[in-house]
Every structure is written in structure tokens, then in C-alpha cells.
Amino acid sequence: MLLKRIIPCLDVDRGRVVKGTNFVEIRDAGDPVELASRYDREGADEVVFLDITASHEKRETMVGLARRCAEELFIPFTIGGGIRSEEDVRALLSAGADKVSLNSAAVKDPGLISECARRFGSQCVVIAIDAKRVASVAAPVPGGQALRWEIYVDGGRTPTGLDAVEWAVRAVGLGAGEILLTSMDKDGTKDGYDSELTKSVSRAVNVPIIASGGAGTLDHLAEVVRVGGADAVLAASIFHYCEYTIRQAKEHMAAQGIPVRL
Amino acid sequence: MRGGSISDGSAALCIVDYGAGNLRSVQKAFEQVGVAARVGSERRDVMTAPALVLPGVGAFGAAMEQLDQRGLIEPLLLRIEAGVPFLGVCLGMQLLFEASEESPGVAGLGVVRGDVRALPSTVKVPHIGWNQVEVCACSDLFDGIPDGSAFYFVHGYAVVPRSPGDVLSMTDYDGISFVSAIEHDNVAAVQFHPEKSSTLGLRLYQNFTLRAGLATRP
């Protein structure tokens, strides 16, 4: 049986791990490869690195990170954050990354998704979506509320007017192999994932959904799998600051009947 | 198991390189269990190595073409015939068979009778992620690995051996069941990626090096 995954996420700036809270406040939690290797030993199923470095040497630092990870990690890892071109993707994959995640560049040029999928295979193309709730509009059914989410690019700074569910469907149609779905409303709050958002997207597409943003307790992880239909859960601070171990998270999910690798 | 010392390079096992992507993670996994592993792309690498690992990602037909262009098909068959311990990984498993639906008309190595078929359209393809391996025959390749353990898979095709006796493990995926490991004399192969399967993946590679006499039992 295909198992549900737990994926620690490491935000990396100039080679160091940081974690944003609502994309603003940042604390330092160490060396990315060392931390990722610890997660591998603890039982993490994959690791995602989001590189937030803003400099001309960005590609070199990301490729260097991929190369070091390929040396130290024995689980799959994904690198994302500011990937602009097919050439960026090629450089990261040949340095040893298993997957890359595309966000703003894919929104600006959806053709990038199909090019990468055709050249490298859908299995290594992850589309990252940062989505924010739009005020409820008129209900399609009496008494109901129509939920909508808008996607933002440029690290959550720029609204696009695009609907999250529609964009996910389009990205998958172009060849995306997986969706990394972050709720901007929930990110950094620690009060749970946006299960409604996760459910809306997971019902609309036939590729795995990684739920992200809002993990604060182990119940949150289990809830977004059970209620939201997530195939994987991504979390950062609850693991970085040792509030919970990966093992505890997996045991908690297993106890609720969710199949995980223990 | 992790962090063993690396033995002298003269008896290094050979990871066969035919241009199918980054082999560093496979090499590093063997180093991690304390066994020297060389990446080799020449006939003499294959002919002299005490054990062979055939990895690979990509398409069946292109891989056979690469092996052919590099003159590696004959030495691989000679060494397998000679009884050299052999491990196929992912596409390297599929290449051992006679043919694949992925590349009609292209002959595989034909070391194991049977063919390679596309996963049915009733499931999500490719099959990606951690899935459980149910071992159905006794093999030292799975020593110390509990039945039902999870390994990391990325593939769209699966092997169908003609002889049930070649099947070493099965894996269930969304209502279907496919062969996830095979063994035929000195040839073993796995559909999953041990180098991406954390501790138990490393254990499987270690078991292979023990079988090949490249490491001693701890």
C-alpha cells in the first residue's frame, strides 16, 4: 500500500536554514544538510528545501546544496525557490536533486512546466502553489459558502487573480507530477492546515498533494490527511525546534489508522 | 550500519554507467555501508569487477541502445553467465528481461525470462513514493529487513517474470499487485531505489555486498 509521507521543509538563505513566520519573521536553525540528514535518520520520508536567497550567486548556492545533499541523504529531496528556467532545473537534477519545485516562474510561463515534464519526466516536477482565501462569495447552494483561493507569487507578495484550484488543474494538465500546496492564511500560525483548500485541490487533480502551512500539533498532520485528502504533509518549525520528532508524528498518524513508514 | 570505513579499491564493485543519469547517490550508498564502489563505463570495468550493479532511470529502448553503443551488452552477459553477483535497480531490473512494452521491438538482456509491462491505466502512473514490499521467497538480500517494509519507488513499468520461481517480492498499489524484486541464480534485482530508501535501503545494499563477499558480516 502506498504510504502517506511526512516531509520536513527547510527554508534556506545563503546556505543556512531559516523559517519564516507569515513570511516575515525569521529565526536561524542551522546547517541544511546536517538538519536534513538528522531527519533522514529520524524517519522523514523526503526533505524539501526552499531557497530564499536573493543574490546573483543563487543558482550556484542551490546547485551546491543539491550536490551536498546527494552526498549525505538517503531519501529523496526536492529543491525549490526562485527556479527560473529549464536550465536551472537541469543543473539541480544533474547535481542530484530528485525533484524541483516551480512556483512564480511556472505562473509567468506555464510552458516551463510542460518543457520540464517532457525533458525530465513528470516525476521530478513539483508545482508549488501559495494560496490565500478570497472573501466568500454568493453561495451556490442555499446556506452554503463558496470557498475560493487566489494564488500569489514572488514569495507571497504578488496577487495574480488566478484561482488556486483552476491553476492546479492546469499545471497537472501540463505535466506537473505533484502539488505542494501552501495556505498563506495558515502558514506560521500553528493552528492547523487549511483542510478545505487541500480537499478542494486534491479532489480536482489526480497527482499527490503535499499540504503545507499551519502545522502546530500532531493532530493537525493527521487531520489534513483524513479530512483534506493530502498524500503528504509538510512542516517546518514543529520539527526544527524539536517540539515533536518525526517518529512521534508517524506514530500519531499510525494510531489514527493512516498508513505510514515506521 | 552507517559510517563504516571504506575498503581497498582494488576489489571494488562496479556500478555500470551507460549515461542514465546521476549515479553518485548509488555509489555513495555503497560507500556508506563500507564498500568501495566504482562507477565504470568500459568493457574492462565490467570484466574485472567482483560484483556488478546495473542502475538506471529513463526509457528501456534508449538504455539498451546506450549499452550497445558502449559495447557493454556482451561483457554483462559473460559476467552474469560466469556467476558474478549482480544487482539490477529500477530500469536496471527491467533491462534483464526479454522485452518491454515501453520500447516494442527492442530486445532486452534476456537474462530472466519474461517481459516488462506498463502499469495499468487504473492506477496513477508513474507510481511514486514509499510502498511496502512483501517478500515471498527466502533470500539473503532481505536479511534483517522485516516483511512489509517500505521502499521508495519511481516507475511506470513493471516486470512480469515467466517463472514464478524468479519472484522475490510483490508490492500492492491501489488495487493492483506487481513484482518488486526478483532473483534468478546469481542475478537479483529490485524495482525500488535502495539508495533513496534510507536505513533499510542501505541494509539491502549491504546484504548484496555480503553476498558478493565484499564485506564481512558485522
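Look up: the structure comes first, before these words.
Note that this is a predicted model, so its numbers are computed, not measured. (Residues numbered from 1 in each chain as written. Chains lettered and ligands numbered in written order. Predicted model: local features only at pLDDT ≥ 70, side-chain atom pairs only at ≥ 80, totals over all residues. Heavy atoms only, no water.)

> Would you mind going over helix H8 (residues 218–226) of chain A with me for this structure?
Think of an α-helix as turning once every 3.6 residues; residues three or four places apart then point the same way. Residue and element names in this part refer to chain A. Regarding H8, the residues found buried are Leu 218, His 220, Leu 221, Ala 222, Val 224 and Val 225. Buried residues belonging to H8 abut strand E1 (5–13), helix H7 (195–204), strand E11 (209–212), strand E12 (232–235), helix H9 (237–240) and helix H10 (246–255). N-cap assignment for H8: the residue whose side-chain oxygen lies 3.3 Å from the backbone N of Asp 219 is Thr 217. (Buried < 20%, exposed > 50% of the residue type's maximum accessible area, 1.4 Å probe, protein only. Helix = DSSP H or I, 4+ residues; strand = E, 2+ residues; numbered from the N terminus. Contact = heavy atoms within 4.5 Å. Polar contact = N/O pair within 3.5 Å; in protein donor to acceptor, adjacent residues only side chain to side chain.)

> Whenever I open this one, unusual backbone geometry confuses me. Can you help?
Of the consecutive residues B:Val125 and B:Pro126, the connecting peptide bond is found in the cis state with omega at 0°. Relative to the helices and strands, B:Pro126 is located in the loop between strand E6 (114–118) and strand E7 (127–132). Notably, A:Asp154 is not glycine yet its phi reads approximately 60°, a positive angle. If you trace the backbone, A:Asp154 turns up in the loop between strand E8 (146–153) and strand E9 (158–163).

> Just to check I follow, could you spell out the nonpolar core for this structure?
Buried together is how nonpolar side chains tend to be arranged in soluble globular proteins. Within the largest apolar cluster, 81 residues are counted, with the highest numbers of intra-cluster contacts made by A:Phe49, A:Ile127 and A:Leu221. When neighbours within four sequence positions are excluded, A:Phe49 is seen to be in contact with A:Leu10, A:Val12, A:Pro32, A:Ala36, A:Leu65, A:Cys69, A:Leu73, A:Phe77, A:Thr78, A:Ile79 and A:Gly80. Counting 38 residues, the second largest nonpolar core, distinct from the first, contains B:Phe30, B:Phe151, B:Leu168 and B:Tyr173. (Core = buried A, V, L, I, M, F, W, Y, C linked by side-chain atoms within 4.5 Å.)

> Just to check I follow, could you spell out the interface of chain A and chain B for this structure?
The accessible area lost on association of the parts is a frequent measure of interface size. Listed per partner, the contact involves 25 residues of chain A and 25 residues of chain B. For the interface between chain A and chain B, the tally reads 3 salt bridges. A salt bridge links B:Lys196 to A:Asp98; its shortest N-O distance comes to 2.9 Å. Our count for the chain A to chain B interface comes out at 9 residue pairs in polar contact (both at pLDDT 80 or more). Within the residue set of the side of chain A that touches chain B, elements represented by two or more residues are helix H1 (32–42), helix H2 (58–72) and helix H3 (86–94) of chain A. Residues belonging to the side of chain A that touches chain B are distributed by class as follows: 12 nonpolar, 4 polar and 9 charged. (Salt bridge = Lys/Arg side-chain N within 4 Å of Asp/Glu carboxyl O. Nonpolar A, V, L, I, M, F, W, Y, C, P; charged D, E, K, R; others polar.)

> Could you clarify how one ought to interpret the layout of surface pockets in this entry?
Where empty space is left in the structure can be found by rolling a water-sized probe over the atoms. The calculated volume of the second largest pocket comes to roughly 1000 Å³. In terms of lining, the second largest pocket is formed by 39 residues, of which the most central are A:Phe120, A:Gln123, B:Val57, B:Gly58 and B:Val154. Sorting the residues of the lining of the second largest pocket by element identifies H3 and helix H5 (111–120) of chain A together with helix H1 (24–32), helix H5 (91–94) and strand E9 (150–155) of chain B as the ones contributing at least two each. In terms of residue class, the lining of the second largest pocket is built from 18 nonpolar, 14 polar and 7 charged. (1 Å grid on protein atoms, 1.4 Å probe; cavity = no way out; pocket = protein on both sides within 12 Å on 5 of 7 lines; lining within 4 Å. Points joined across faces, edges and corners; volume = space filled by probe spheres on them.)

> Would you take a moment to explain the packing of H3(A) against H5(A) for this structure?
When two helices pack together, their arrangement is captured by the angle between the axes and the distance separating the axes. Residue and element names in this part refer to chain A. With their axes 10 Å apart at the nearest point, H3 and H5 run at an angle of 35° to one another. As H3 runs across H5, the sense of the crossing is right-handed. Each of Glu 86, Val 89, Arg 90 and Leu 93 in H3 lies in contact with H5, whose residues at this interface are Leu 112, Glu 115, Cys 116, Arg 119 and Phe 120. Class assignment of the residues belonging to the contact of H3 with H5 gives a composition of 5 nonpolar, no polar and 4 charged. (Axes fitted to C-alpha atoms, helices over the stretch in contact; angles between N-to-C directions. Left-handed = near helix turned anticlockwise from the far one by under 90°.)

> I would appreciate a short explanation of the packing of H1(B) against helix H6 (residues 198–211) of chain B in the present structure.
Residues and elements named next belong to chain B. Packing of H1 against H6 leaves a shortest axis separation of 9 Å and a crossing angle of 70°. Compared by their axis directions, H1 and H6 come out roughly perpendicular. Residues Val 26, Ala 29, Phe 30 and Gln 32 of H1 form the contact with H6, whose participating residues are Leu 202, Tyr 205, Phe 208 and Thr 209. For the contact of H1 with H6, a count of residues per class yields 6 nonpolar, 2 polar and no charged. (Parallel < 35°, antiparallel > 145°, perpendicular 65-115°, else oblique.)

> Quick question: what am I supposed to make of the pattern of salt bridges here?
It is possible for side chains bearing opposite charge to pair when their charged atoms get close. Inspection of every chain in the model, using the stated rule, returns 32 salt bridges over all chains. Salt-bridge contacts for A:Asp88 lead to A:Arg59; the nearest nitrogen and oxygen are separated by 2.5 Å. Of this pair, A:Asp88 sits in helix H3 while A:Arg59 sits in helix H2; the two residues are 29 residues apart in sequence, bridging distant segments of the chain. Residue class for A:Asp88 comes out buried when judged on its relative accessible area of 9%. A relative accessible area of 33% means that A:Arg59 is categorised as partly exposed. For B:Glu98, the salt bridge identified is with B:Arg113, shortest N-O distance 3.1 Å. Here the residue B:Glu98 occupies a position in the loop between H5 and strand E5 (99–100), and B:Arg113 occupies one in the loop between E5 and E6, the gap between them amounting to 15 residues. A relative accessible area of 26% means that B:Glu98 is categorised as partly exposed. Accessibility expressed as a relative area gives 46% for B:Arg113, which makes it partly exposed. Each of A:Arg5, A:Glu46, A:Lys99 and A:Glu178 takes part in a single network of salt bridges with overlapping partners.

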